Amino acid sequence: MLLTQGDLSAIWLTLRLATVTTVVLLVIGTPMAWWLAHTRCRLKGLVGAVVALPLVLPPTVLGFYLLVMMGPNGPLGSLTQSLGLGVLPFTFWGLVLASVIYSMPFVVQPVQNAFEAIGDRPLEVAATLRASPLDTFFSVAVPLARPGFLTAAILGFAHTVGEFGVVLMIGGNIPGKTQVISLRIYDHVEAMEYAQAHWLAGGMVVFSFLVLFALYTFNPDRKRGGA
Amino acid sequence: MNSSPASDRIVARFRHGYTGFSLEVNLDLPARGVTALFGDSGSGKTTLLRCVAGLERAPDAFLSIKGEVWQDEARGIFLPTHKRPLGYVFQEASLFPHLTIRRNLEYGQKRVAAAQRRVSLDQAVALLGIGPLLARMPAHLSGGERQRVAIARALVTSPRLLLMDEPLAALDPRRKGEILPYLERLHDELEIPVLYVSHSPDEVARLADHLVLMENGQVRASGALTETLARLDLPIRLDEDAGVVLEGSVSEIDVDWHLARVAFAGGKLWVRDSGVPLNHRVRIRILARDVSLALEPHTGTSILNMLPAVVTQLGDDLHPALALVRLDAGGAPLLARLTRRSAAALDLHPGQAVWAQIKAVALIG
């Protein structure tokens, strides 16, 4: 007895959600991480705390407030409606937005740490070799922070794959639309379909293990000597 | 001092307050040869260099290099570091660890317009002897090799000014000895003015043409090396190493006794023959403690080098028992360290003719 059509669509949706979320997070998280690593602004502590909030908040709390904000009467809902996009809850893009916020610390923090570990010196050296700040960012900072990016991408992806509470609050549990693997497992268990639940749950265990195994084995973070 | 046109001067005025330290300099330096910024740690040498590079922005500043204004806060001009045609060698080599040596060298070079490239990669590689290293990664180089690569990397951007922040300080004495000859070649073969931060009297004596003495963020003295080293009024001298550096050329080689004779403005001196060919320009260093004075030319002494000189000034020394005497030997300054008692016994006074007996002369490059 293998995976059903519903299981497969849940897997496909989960992978799509995790991929889009990771890409979005790398794009918006990198400048945030750079800012956090280099700013002397007093807002640094505030922004850092907000980014880290999903680490400690129960996903239902986060999901609840996101639902309120994205709803027809919430500030975000009003905005999306005025732009003609409708409301986000119970849609794929609503899930993406929620996942981006939920997984943000897992992407921003490793990248921020990597940027901080580089220090000012390589950036100053690049400036004395005629590289503009933007040029320096792409030719020196990003390559040197590569282990941080790798960690960030893997953690961001894996964390999004594993989310449950936020997705349930924002997306409901609509098969084929917002039903991700973790919700699908929940449904199987509710329906006493333990064999089905095993296939998916076991798959998640194997997937998570492989991801972390790869992270700890291949990340060049601890291998490269400084110069 | 300001007689030459601005086109071959470096004019630097910086006022920059930090907590517990302020930099306040006003310098007019020759834009050729090596200018050493010399002083204790905390004297502001590195801060000054960073201001020149634009890595720090002093709120009250003017900087022009050979007539090109890089910073003039009064007119709101501040060229960011990457727009200044300079080379900077940091204390630690700071090579990019993710690039091979070749790509480290090319990093700056390819960011300089081809028309402005005057130092080729091959030239810099040959000058610093790093040919065999090009395919390697920085992590696999010794400290001395890395620093040579860092110097070459700065050179291939064809800088109009080369800034060096104690490039040898992080190296052990052997590595230092390995790099100094390359720095001397740089000095002799390329026409790039260098600002060289150092707290090593040895490096200054070997490399510098012009000396700036820094103390507590201020300039205590600035002048030609020979002149400045021979001044008696400077609060930080080279302490035990007080002495002069003179330039001359090899005029004679005595093969039997392994000696070479160096002719300079004040006469001729015998030094140990270190293989420098005839007529080659050399620097010699004579420490004040190796010079004694006599009123008559002595015979029956082991001292080889005796020069007629005239006392020009007497000054205080490290200890109240000692005096530092400045002499003029045919236009070249010399320093002699004597006890005050000897100075009194000889009745030394400015204008008096004496014989300087020089016990040791070091040939430095």
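Residues numbered from 1 in each chain as written. Chains lettered and ligands numbered in written order. Predicted model: local features only at pLDDT ≥ 70, side-chain atom pairs only at ≥ 80, totals over all residues.

## Quick word on the overall build of chain B
Scanning chain B from N- to C-terminus turns up eight helices and 21 strands. The C-alpha atoms of chain B give a radius of gyration of 22 Å, which matches the 21 Å a tight globule of 365 residues would have. With the C-alpha coordinates of chain B rotated into their principal frame, the extents come out at 65 × 50 × 35 Å. Of all 365 residues assigned to chain B, the portion counted as buried reaches 42%. Considering only contacts within chain B whose residues lie at least 6 apart along the sequence, 66% involve residues at least 24 apart. (Helix = DSSP H or I, 4+ residues; strand = E, 2+ residues; numbered from the N terminus. Rg over C-alpha atoms; globule rule 2.2 N^0.38 Å. Buried ≥ 20, exposed ≤ 12 C-beta atoms within 10 Å, placed from the backbone. Contact = placed C-beta atoms within 7 Å.)

## A word on the confidence of the model for chain B
Taken residue by residue, chain B gives an average pLDDT of 88. The fraction at 70 or more is 96%. Scored as a complex, the prediction yields pTM 0.82 and ipTM 0.81. (pLDDT = per-residue confidence, 0-100.)

## Topic: the interface of chain B and chain A
With 21 residues of chain B at the interface, the matching set in chain A holds 17 residues. Listing elements by their share of the side of chain B that touches chain A, those giving two or more residues are strand E7 (86-89) and helix H2 (101-109) of chain B. Considering each element in turn, the side of chain B that touches chain A owes the most residues, three residues, to E7(B). Of the residues belonging to the side of chain B that touches chain A, the class tally is twelve nonpolar, seven polar and two charged. (Nonpolar A, V, L, I, M, F, W, Y, C, P; charged D, E, K, R; others polar.)

## Some details on the sheet that holds strand E12 (residues 243-254) of chain B
Taken in spatial order, the five strands of this open sheet run E14-E13-E12-E15-E21 (chain B), and their pairing is antiparallel. At either margin of the open sheet sits one strand with a lone partner, and together these are strand E14 (267-272) and strand E21 (362-363) of chain B. (Pairing = 2+ DSSP bridges.)

## Some thoughts on the nonpolar core
Ranked by size, the top nonpolar core spans 151 residues in total, and within it B:Leu334 and B:Ala356 carry the most contacts. A per-element tally of this core places helix H5 (residues 92-118) of chain A first, with 13 residues. Each of domain 1 (6-235) and domain 2 (243-363) of chain B contributes no fewer than three residues to this core. Beyond its immediate sequence surroundings of up to four residues, B:Ala356 is in contact with B:Val291, B:Leu293, B:Met306, B:Leu307, B:Ala309, B:Leu327, B:Ala329, B:Leu334 and B:Ala336. (Core = buried A, V, L, I, M, F, W, Y, C linked by C-beta atoms within 7 Å. Domains from an automatic or database assignment.)

## Some thoughts on the sheet that holds strand E19 (residues 332-339) of chain B
Residues and elements named next belong to chain B. Taken in spatial order, the five strands make up an open sheet running E16-E20-E17-E18-E19, and their pairing is antiparallel. Two strands bound the open sheet, and with one partner strand each, they are strand E16 (291-294) and E19. The sheet shows a mean angle of 45° between the axes of neighbouring strands, direction not considered. The sheet contact formed by strand E18 (residues 322-329) and E19 spans eight bridges and is antiparallel. Note on E19: the bridge partner recorded for aspartate 328 is proline 333. (Axes fitted to C-alpha atoms, helices over the stretch in contact; angles between N-to-C directions.)

## Here we look at the domain arrangement of chain B
Residues and elements named next belong to chain B. Under the domain assignment, chain B is made up of domain 1 (6-235) and domain 2 (243-363). Averaged C-alpha coordinates put domain 1 and domain 2 at centres separated by 33 Å. Facing nine residues of domain 1, the contacting portion of domain 2 comprises twelve residues. When contributions to the side of domain 1 that touches domain 2 are tallied by element, the ones reaching two or more residues are helix H6 (201-207) and helix H7 (225-229). The dominant element in the side of domain 1 that touches domain 2, judged by the number of residues it contributes, is H7, at four residues. For the side of domain 1 that touches domain 2, a count of residues per class yields five nonpolar, one polar and three charged.

## Description of helix H6 (residues 121-128) of chain A
Residues of H6(A) that are buried: A:Leu123, A:Val125, A:Ala126, A:Ala127 and A:Thr128. Buried-residue contacts for H6(A) involve helix H7 (133-144) of chain A together with helix H1 (45-53) and E7 of chain B.

## Structural notes on the environment of B:Leu207
Residue and element names in this part refer to chain B. Relative to the helices and strands, leucine 207 is located in helix H6. Judged by C-beta crowding, with 25 C-beta atoms within 10 Å, leucine 207 ranks as buried. With sequence-adjacent residues up to four places away left out, leucine 207 is seen in contact with Val34, Ala36, Leu183, Glu184, His187 and Tyr196.

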